[in-house]
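Structure assessment
So you can see what is in the structure, the chains are spelled out below.
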Amino acid sequence: MSASSGTPPTSHSRASQPAAIPRRALWLLAAALAVIGAGQAIQVSVIPALIAATGLDAGTLGLLVALGVAPFLVGAPLWGRVSDRLGRRPVLMIGLAGASAGHAVFAAAADLLARGMIDHDTAIAVMVVSRLMFGLAGSAIYPVGQAWAADLAGPDRRLAAAGALAAGLSAGRLGGPALALGLLLIGPVAPLWGLAGIGAAAAVTVAVGLGGAAAAAGRASRSANAEPPPPAPVPARGFTARRIRLAPFVVAGVGSFAMGLMQFIFGLHAMARLDMAADTASRLVAITMAVAAVAMLVVQTRLLPRLSGRPAATATAWRVALVLMPVSIAIGWWGAGWGAFLASAVLTGSAMAVIVAALFAKITADPRNRGARAGLLNSAQTGGYALGSAIGGLYPAGEMLPFGVALVVLIAAMLTGWRGLFGRPPAPATPHPAAP
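Anyway, here's the lowdown on the structure attached to this text. Keep in mind that what you see is a predicted model, and the values were worked out from it rather than measured.

A word on the overall build of the protein
Looking only at helices and strands, one finds 17 helices and zero strands in the protein. When each of the 436 residues of the protein is scored for burial, the buried share is 49%. Put simply, of all contacts in the protein between residues at least 6 apart along the chain, 86% involve residues at least 24 apart. Within the structure as shown, the protein displays about 19,400 Å² of accessible surface, and the carbon and sulfur contribution to it stands at 70%.

Encoded structure:
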């Protein structure tokens with residue numbers, strides 16, 4: 001029978017298998033998402049200059065940065081769900097434009113405070129509002145971009161799409177400090193204005209460059225969510241359906257917890273283990289984090305595309321990454337030299353690059369509620385990272401405490417994710433021969 005005479009595809013199959021989309025669309029999305037990575041790097045880079053220019057103390061600036069991140073925990077899954085109903089393009093544009101506006105309001109308040117045109121309390125009040133604006137709008141950017149990339153990529157390229165978007169985030173984190181250094185030559189608040197500018201440019205990129213077939217793929221979620229829900233998965237190897245649904249978010253949260261903890265305590269641990277001065281330890285942390293970011297970028301752009309459409313290879317890479325996470329923490333804990341710190345950071349970053357991309361491909365296999373699930377994954381990562389930083393603050397009480405907690409939870413995550421998430425696909429049932 002010819003293809004034209006067969007049964008027409010359902011809306012579910014159309015959403016699951018979109019038409020071929022140019023690779024350019026995925027990289028435009030990655031460029032838009034680089035705004036998040038650049039924002040994180042620029043905000044950290046300009047803190048000393050802002051303190052000197054505005055008279056704000058480090059504690060106040062730290063609270064303001066945290067205030068902008070807190071809405072991500074709730075906003076990411078909510079915006080993802082909205083994009084499932086309204087389409088990806090308008091929600092991502094709202095997120096980028098709103099985040100840019102939040103950065104602009106913060107920059108204006110800092111500029112006016114530095115010039116003595118507003119008082120300290122007014123500036124703080126405006127900055128609080130600006131950070132809430134950023135958090136509420138910016139929490140849409142990454143999960144909606146991820147869900148849209150999955151819509152574009154089709155069933156066999158979700159892993160490569162996740163790698164492309166994560167590479168955009170990593171590139172933003174690497175490029176952000178360079179942009180900050182250049183703009184600091186203009187003035188202490190100039191990097192913040194630059195951040196608002198690149199956010200606005202990203203919104204224009206989405207509006208102009210991601211129309212046509214790309215926008216149509218982003219609207220396919222509406223028809224997919226109109227379909228009746230599929231039958232519940234059959235329990236396999238002791239993994240119930242509920243545990244399978246929860247496991248990806250648990251593993252993502254625990255992995256991000258380990259990354260947050262390691263980044264927080266690396267400098268303190270270097271001072272204690274390697275007898276380093278504070279400024280030397282800070283340079284060590286900067287170097288190791290930069291090298292780890294490059295390693296993640298290599299994994300995201302070179303390894304992940306090769307794993308797409310190869311379930312056996314993906315399962316192997318997944319298990320290797322699960323093992324590397326506790327190993328990397330152990331190397332950092334017991335390592336007695338600069339090389340051990342570097343190896344720990346590289347292994348942690350590389351393993352997380354595989355883990356997050358594989359989990360994203362797993363939870364977005366069904367187009368139903370794809371944005372909401374991408375948002376939940378983002379919330380798990382954000383919450384885990386914040387908790388890791390908080391536990392890292394316990395390091396002065398004893399180095400065994402944070403490292404021991406990290407090892408225990410990572411081993412638990414390894415056991416949780418080892419079976420049931422990326423196991424071998426079940427063999428097809430052998431039909432019984434018909435009775436004579």
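Some points on the packing of helix H5 (residues 72-86) against helix H6 (residues 88-114)
Between H5 and H6, whose axes approach to 7 Å, the crossing angle comes to 140°. Facing H5, whose interface residues are Trp 79, Gly 80, Val 82, Ser 83, Asp 84 and Leu 86, H6 presents Arg 88, Pro 90, Val 91 and Ile 94. Class assignment for the residues of the contact of H5 with H6 results in six nonpolar, two polar and two charged.

A closer look at the environment of Val 65
Locating Val 65 in the fold gives a position in helix H4 (residues 58-69). Considering only alpha carbons, one finds Val 65 and Arg 131, 66 residues apart in sequence, at a separation of 7.3 Å. Ignoring anything within four residues of it in the chain, the contact list for Val 65 reads Gln 43 and Arg 131.

With respect to the side chain of Ser 100
Following the sequence through the fold, Ser 100 ends up in helix H6. Setting aside residues up to four positions removed in sequence, Ser 100 forms contacts with Ala 196, Gly 199 and Ala 200.

A few points about the packing of aromatic side chains
Here the structure, examined in full by the defined rule, presents three aromatic pairs. Ring centres 5.9 Å apart and planes at 40° place the aromatic pair Phe 72 and Phe 134 in the tilted group. In this pair, Phe 72 sits in helix H5 while Phe 134 sits in helix H7 (residues 120-138), placing the two residues 62 residues apart along the sequence. Linked through ring pairs, Trp 333, Trp 334 and Phe 403 together constitute an aromatic cluster. Between the NZ or CZ atom of Arg 319 and the centre of the ring of Trp 418, over which it lies, the distance is 5.4 Å.

Considering the pattern of salt bridges
Close approach of charged atoms lets side chains of opposite charge pair. Applying the stated rule across the entire model yields five salt bridges. The partner of Asp 111 in a salt bridge is Arg 115, with the nearest N and O atoms 3.3 Å apart. Among the residues examined, Asp 111 registers a relative accessible area of 19% and is labelled buried. For Arg 115, a relative accessible area of 59% puts it in the exposed group. One salt-bridge network, in which partners are shared between bridges, spans Asp 84, Arg 88, Asp 151 and Arg 370.

Quick word on the nonpolar core
If you look at the biggest cluster of nonpolar residues, it comprises 55 residues, and the most contacted ones within it are Ile 329 and Ile 355. Contributions of two or more residues to this core are made by helix H9 (158-184), helix H12 (241-273), helix H13 (278-307), helix H14 (311-334), helix H15 (338-363), helix H16 (370-392) and helix H17 (400-418). Here this core takes 14 residues from H15, the largest share from any one element. Aside from chain neighbours lying at most four places away, what touches Ile 329 is Ala 258, Met 262, Ser 344, Phe 403, Ala 406, Leu 407 and Leu 410. Among the nonpolar cores identified, the runner-up in size contains 32 residues, and Leu 33, Leu 96, Ile 141 and Leu 210 belong to it.

Here's the deal with a nonpolar patch on the surface
On the surface, Leu 73, Val 74 and Leu 78 cluster together into a nonpolar patch covering about 280 Å² of accessible area. Secondary-structure assignment places Leu 78 in helix H5.

Looking at the environment of Trp 27
With respect to the helices, strands and loops of the structure, Trp 27 is situated in helix H2 (residues 23-45). For Trp 27, a relative accessible area of 39% corresponds to the partly exposed category. Along the backbone, Trp 27 and Ala 149 are 122 residues apart, and their C-alpha atoms lie at a distance of 9.4 Å. Those residues in contact with Trp 27, other than ones at most four positions away along the chain, are Ala 164 and Thr 301.

Observations concerning the packing of H6 against helix H10 (residues 190-209)
Following both chains from N to C, one finds H6 and H10 inclined at 165°, their axes separated by 8 Å at the closest point. With respect to their mutual orientation, H6 and H10 come out roughly antiparallel. Our pair here, H6 against H10, has a crossing hand that is left-handed. Packed against H6, whose contacting residues are Arg 89, Leu 92, Met 93, Leu 96, Ala 97, Ser 100, His 103, Ala 104, Phe 106, Ala 107, Ala 108 and Asp 111, the element H10 presents Leu 192, Trp 193, Leu 195, Ala 196, Gly 199, Ala 200, Ala 202, Ala 203, Val 206, Ala 207 and Val 208 at the interface. Its residues assigned to classes, the contact of H6 with H10 shows 18 nonpolar, three polar and two charged.

Rules behind the numbers
Once a new chain begins, its residue numbering starts again from 1 and follows that chain's sequence as written. Residues qualify for local features only when their pLDDT is at least 70, as the model is predicted, and side-chain atom pairs are given and counted only at 80 or more; totals for whole chains, interfaces and linings, by contrast, use all residues. The basis for every side-chain value is the complete set of non-hydrogen atoms in the structure, without hydrogens or water. Only runs of H or I of at least four residues qualify as helices and only runs of E of at least two qualify as strands under DSSP, and these elements are numbered from the N terminus. Summary of the burial criterion: residues with accessible area below 20% of their type's maximum are buried, those above 50% are exposed, and those between are partly exposed, where the area comes from a 1.4 Å probe applied to protein chains only. Residues are treated as being in contact if the distance between any of their heavy atoms lies within 4.5 Å. Computed by Shrake-Rupley with a 1.4 Å probe, the accessible areas treat only the displayed protein chains as cover when residues are assessed. Here an angle of 0 to 180 degrees is reported between the N-to-C directions of two axes, which are lines fitted to C-alpha atoms, with helices fitted over the stretch in contact. Gly counts as polar in this scheme, as do all residues outside two lists: the nonpolar Ala, Val, Leu, Ile, Met, Phe, Trp, Tyr, Cys and Pro, and the charged Asp, Glu, Lys and Arg. Centre distance within 6.5 Å is the pairing criterion for rings of Phe, Tyr and Trp, where only the six-membered ring of Trp is used; planes under 30 degrees apart are then read as stacked, over 60 as edge-to-face, and the remainder as tilted. Note on criteria: charge over ring means Lys NZ or Arg CZ within 6 Å of the ring centre, with the direction from the centre no more than 35 degrees off the ring normal. In the sections that follow, a salt bridge refers to a side-chain nitrogen of Lys or Arg positioned within 4 Å of a carboxyl oxygen of Asp or Glu. Take the buried residues of types Ala, Val, Leu, Ile, Met, Phe, Trp, Tyr and Cys, join any two whose side-chain atoms come within 4.5 Å, and each joined set is a nonpolar core. In this analysis, a patch consists of residues with relative accessible area above 30% that form no salt bridge, clustered at 9 Å for like charges and at 5 Å for the nonpolar side chains Val, Leu, Ile, Met, Phe, Trp and Tyr. Working definition: roughly parallel below 35 degrees, roughly antiparallel above 145 degrees, roughly perpendicular at 65 to 115 degrees, and oblique for all remaining angles. Whether a crossing is left-handed or right-handed is set by the direction in which the near helix is turned from the far one by less than a right angle, anticlockwise for left-handed and clockwise for right-handed.

The values reported here are purely geometric and, on their own, carry no functional implication.
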